[in-house]
Amino acid sequence: MAIHSLSTPIEYLKGVGPQRGDVLKKELSVFTYQDLINYYPFRYIDRTRFYKIRELTPDLPAVQVLGRLVSKEIIGEKQSRRLLARLRDDTGVIELVWFQGVRWVEKMLQPNAVFIVFGKPNEFNGKISIPHPELELYNPNLKKQGNPTLQPVYNSTEKLKQFSLDTKGIQKIQAAVLDAVINEIEETLPEYILQKFKLIGRREAIRYIHFPPDAGSLQAAVGRLKFEELFFIQLKLLKNKLLRTQKFKGLVFDKVGDKFNTFYKDKLPFDLTNAQKRVLKEIRLDTQRGVQMNRLLQGDVGSGKTVVALMCMLLAIDNGCQACIMAPTEILAQQHFMSIKNMVGDGFATIALLTGSTLKKERKVIHEQLANGTLNILVGTHALIEDSVQFSNLGLAVVDEQHRFGVEQRAKLWKKNSIPPHVLVMTATPIPRTLSMTLYGDLDVSVIDELPAGRKPIKTIHLFESQRLRMFGFMKQEIALGRQVYIVYPLIKESEKLDLLYLEAGIETISREFPLPDYRISIVHGKLKPSEKDFEMQRFIKGETQIMVATTVIEVGVNVPNASVMIIENSERFGLSQLHQLRGRVGRGAEQSYCILMSGNKLSKEAKIRLETMVKTNDGFEISEIDLQLRGPGDIEGTRQSGVLDLKLADLTHDQEILQEARSEVIRIFETDPNLSSDENRLLKQYFNKKERSISLHNIS
Ligand code: ADP
Ligand code: MG
């Protein structure tokens, strides 16, 4: 007989064998004992107590109720034919409903009998009911009827069920595997951490998560395993950061010189907000330490990130370096180029724009100026990371709207200088704190959490299609005041045709409602050539047109302070963060701005929450939290590479506190023991050794 260990192939487990082993491998990627142990229940059925009918809410999972059957009837025809029974206890009455097996169940239901009913409460027409409950006649003589524990429920599949591996079947083999190898499960967290955070041991936690003796033990098990998950992610992230700072020397920006000071004193057209000042200070401290800076600058739309980036670039110039800023679209790059040029004025610094449509001749000049160091600031799209673009001394690379760029693209920036440049990545997509700690856990984060003074919060309303005339009236009113209006249509790849139809129909209606010569309209969508797009954008930016009809190409970064109305068509089809981004296109000048969310009459529950949220708040972080709750981290940009999607238990929406604890602890550990060489951190060092071994094995196979 084989000696059982965690790495034993699953087919050797009692009750498994080759056939079931195959299915487990194919369906669940369970190859070894260890894999099976790591296959946790996805929920538990509370058989420990009976719920009172008054306690039932639709939020509850499946629960047990004890009650007397007071009526039963078959109602409805054909599809809607159903069996309806009523169950009463001393606190109220609920309905039990069956749509299938109606005759058969009906026979089982003896009037006036007392049943243990088990199922998930639902709300229907304001009444609580349980569809398709399990039923069991109550027998008062049996003391503990209905196995009184928290029963684990495992995800299973049709295929698994064919091999009797339904939730009960999986329970059985979990019991077998724990019997065989529970003593092999080793602790991964140092003893002092267990004590400090009152965590139970790993072995115990694994046992309880599969077979909880009671709710308290389950909670302890889940808490322990969640902590472990989040802790090791942070350990990895912060170790990378440490390695990076150990490996790369950083350029030292120790001078605050002429450019920076002159700009600050003479050219800056407004006072910086306190948040902008604070961020500048953080960046200055960071760039004079001799360590490469890798910083994320988060700031809501319109919070003024560009000027902060510009001032950092001036700092680079003061310290004998060049700087660049990379934007995701041509329009945006152009806009940065223009606004930077406007802000610094002529003869102050040499600035060039490099995009896909830069002419060869100009490109050549730029390359030369870059190489001989006469060009100070290069603004561009990803054209500026091409290999042919060589700087003489790149000191700072800024990446705007960084979520639009991949990791590799950013990595290329690093290689643009012998000593990697300082990197500042900026994003207006507010990311919930928990998520940014994980997504960008190895970056330093600065936040501009304050809008420039005098901005009036944007007023947002939601109108249904039937209220369209109101919207037109409002547009006319604002245009008469000299303002400009955006109208945005969704563009979602899967249904591009449909989207274009909407857009075309929309353009037609708008053109009819807003005819020449009183009104002029710009139209921008993805099917236009860059030069056409640019032409239309420029007309709007210059105020030659009053209405900009566009698909979401304008989402990012565009800045037209005179535009005061943002109308979003089919707004129910946009995600929250997109809606917020779009809204951020207005409210940039001193005028009161408005956002009108147009939607059809039928809204899904989630769409309704999204639109209500938009109407309720302008706060990007609040919106991002709600977004995370609605969608989970999976749909939030950047999560895919980060490992947060592989989280088995922890949940970034609810486990903020654990994450914060774990992260702080990891920071403390690296501060006191950067190489993890102390005896008490032995297990943590081992974790990396093990990981490296398994990675190198992985590479060979
Ligand atoms: P974002 O953070 O969305 O990139 P921008 O950098 O485009 O925002 O800034 C939005 C607008 O606010 C610009 O017109 C900019 O000139 C202006 N602005 C930036 N900082 C301030 C400030 N401290 N006071 C007044 N206006 C500011
Ligand atoms: Mg911006």
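Here we summarise the structure given alongside this text. Per chain, residues are indexed from 1 in the order of the written sequence. The naming scheme follows written order: chains are lettered A onward, ligands numbered 1 onward. Confidence filtering applies because this is a predicted model: local features only for residues at pLDDT of at least 70, side-chain atom pairs given and counted only at 80 or more, and all residues used for totals across whole chains, interfaces and linings. Based on all heavy atoms of the structure, the side-chain values leave hydrogens and waters out of the count.

Remarks on the overall build of the chain
- From N to C terminus, the chain includes 23 helices and 22 strands.
- Summarising its shape, the C-alpha atoms of the chain cover approximately 95 × 70 × 45 Å along the three principal directions.
- Across the chain, the fraction of contacts at a sequence separation of at least 24, relative to all contacts at a separation of at least 6, is 73%.
- By element, 52% of the accessible surface of the chain is carried by carbon and sulfur atoms, the whole surface being about 34300 Å².
- Here the chain holds 96 positive side-chain charges and 84 negative ones, and the gap between their average locations is 2 Å. Secondary structure is summarised from DSSP: a helix means a run of H or I of at least four residues, a strand means a run of E of at least two, and numbering begins at the N terminus for each. The contact rule is simple, with two residues in contact once any of their heavy atoms fall within 4.5 Å. Surface accessibility follows the Shrake-Rupley procedure with a 1.4 Å probe radius. Residue values consider only the protein chains on display as shielding. As used throughout, the charge tally considers Lys and Arg to be positive and Asp and Glu to be negative, leaving His and the chain termini uncounted. Think of each charge as sitting on NZ of Lys, CZ of Arg, CG of Asp or CD of Glu.

A short note on the sheet that holds strand E22 (residues 594-599)
- A pair of strands is treated as paired once DSSP finds two or more bridges between them. In space, the six strands of this open sheet follow the order E17-E22-E21-E18-E20-E19, with parallel pairing throughout. Here the strands that pair on one side only, and so sit at the sheet edges, are strand E17 (459-464) and strand E19 (521-524). In this sheet, neighbouring strand axes are inclined to one another by 15° on average, regardless of whether the strands run parallel or antiparallel.
- Here four bridges tie strand E21 (residues 563-568) to E22, and the two strands are oriented parallel to one another. By the bridge assignment, isoleucine 567 is partnered in E22 with isoleucine 596.
- Against the sheet, helix H18 (residues 530-541) contacts strand E18 (484-489), E19, strand E20 (547-551) and E21, and its axis sits at roughly 145° relative to E19. Axis definition: a line fit to C-alpha positions, over the contact stretch in the case of helices; interaxial angles, taken between N-to-C directions, run 0 to 180 degrees.

Overview of the nonpolar core
- Grouping buried Ala, Val, Leu, Ile, Met, Phe, Trp, Tyr and Cys residues that are joined through side-chain atoms within 4.5 Å yields what is termed a nonpolar core. The buried label goes to any residue with under 20% of its type's maximum accessible area, the exposed label to any with over 50%, and the partly exposed label to all in between, with areas taken from a 1.4 Å probe on protein chains only. The biggest cluster of nonpolar side chains holds 54 residues, and the ones touching the most others in it are Phe227, Phe231 and Leu378.
- Sorting elements by how many residues they give to this core places helix H8 (residues 215-247) first, with eight residues.
- Setting aside residues up to four positions removed in sequence, phenylalanine 231 forms contacts with Leu189, Ile193, Ala662, Glu665, Val666, Ile669 and Leu684.
- Counting 44 residues, the second-largest nonpolar core is a separate cluster that includes Val279, Leu297, Val308 and Val379.

Some details on the packing of H8 against helix H22 (residues 656-672)
- In the contact formed by H8 and H22, the axes pass within 8 Å of each other and the chain directions differ by 40°. Here H22 runs oblique to H8, going by the angle between their axes. Crossing of H8 against H22: the hand is right-handed. Residues Lys226, Phe227, Leu230, Phe231, Gln234, Leu235, Leu238, Lys239 and Leu242 of H8 touch H22, and the partners they reach there are Ile658, Leu659, Glu661, Ala662, Arg663, Glu665, Val666, Ile667, Ile669 and Phe670.
- Looking at side-chain class alone, the contact of H8 with H22 contains 13 nonpolar, one polar and five charged residues. Oblique is the label for every angle not falling under 35 degrees (roughly parallel), over 145 degrees (roughly antiparallel), or within 65 to 115 degrees (roughly perpendicular). Note: crossing handedness is left-handed where the near helix turns anticlockwise from the far helix by less than a right angle, and right-handed where it turns clockwise. Note on residue classes: Ala, Val, Leu, Ile, Met, Phe, Trp, Tyr, Cys and Pro are nonpolar, Asp, Glu, Lys and Arg are charged, and everything else, Gly too, is polar.

Observations concerning the pattern of salt bridges
- Salt bridges are defined as contacts in which a side-chain nitrogen from Lys or Arg sits within 4 Å of a carboxyl oxygen from Asp or Glu. One pass over the structure, following the stated rule, counts 28 salt bridges.
- The partner of aspartate 655 in a salt bridge is lysine 226, with the nearest N and O atoms 3.2 Å apart. Within this pair, whereas aspartate 655 is found in the loop between helix H21 (620-631) and H22, its partner lysine 226 is found in helix H8, the two being separated by 429 residues in sequence.
- One continuous salt-bridge network, built from bridges that share partners, spans Arg278, Glu282, Asp286, Arg289, Arg295 and Asp449.

Section: the site of ligand 1
- Whether a residue is near a molecule or strand is decided by its heavy atoms; if any one of them lies within 4 Å of it, the residue is near. Of all residues adjacent to ligand 1, which total 16 residues, the nearest are Asp271, Gly302, Lys305, Thr306 and Arg455.
- By the criterion applied in these results, polar contacts are pairs of N or O atoms within 3.5 Å in which, for protein atoms, one can donate a hydrogen and the other can accept it, and in which residues neighboring in sequence qualify only through two side-chain atoms. A distance of 3.3 Å is found between an oxygen atom of ligand 1 and a side-chain nitrogen or oxygen belonging to arginine 588.
- When the free accessible area of ligand 1 is taken as 570 Å², the share hidden by the protein chains comes to 82%.
- With a 1 Å grid spanning the protein atoms alone, the term cavity applies to any set of points in which a 1.4 Å probe fits but cannot get out, the term pocket to an open set with protein on both sides within 12 Å along at least five of seven lines, and the term lining residue to any residue with an atom within 4 Å of a point. Being in a pocket or cavity means that more than half of the molecule's atoms lie within 2 Å of its grid points. According to the grid-proximity analysis, the pocket containing ligand 1 is the second largest pocket.
- Classifying every residue of the shell around ligand 1 by side-chain character gives four nonpolar, seven polar and five charged.

Regarding the layout of surface pockets
- The space that makes up the second largest pocket amounts to roughly 930 Å³.
- The wall of the second largest pocket is formed by 39 residues, among which Thr306, Ser339, Asn559, Pro561 and Arg588 lie closest to the centre.
- Those elements that place two or more of their residues in the lining of the second largest pocket are helix H11 (305-318), helix H12 (330-344) and H18.
- The biggest single contributor to the lining of the second largest pocket is H12, with nine residues.
- Each residue belonging to the lining of the second largest pocket can be placed in one class, and the counts come to 15 nonpolar, 16 polar and eight charged.
- Mapped onto the domain boundaries, the lining of the second largest pocket takes at least three residues apiece from domain 3 (258-286 + 304-427) and domain 4 (459-617). Grid points are joined across faces, edges and corners, and a volume is the space filled by probe spheres set on the points. Just so you know, the domain bounds were taken from an automatic or database domain assignment.

Geometric descriptors of this kind do not, in isolation, establish any biological role.
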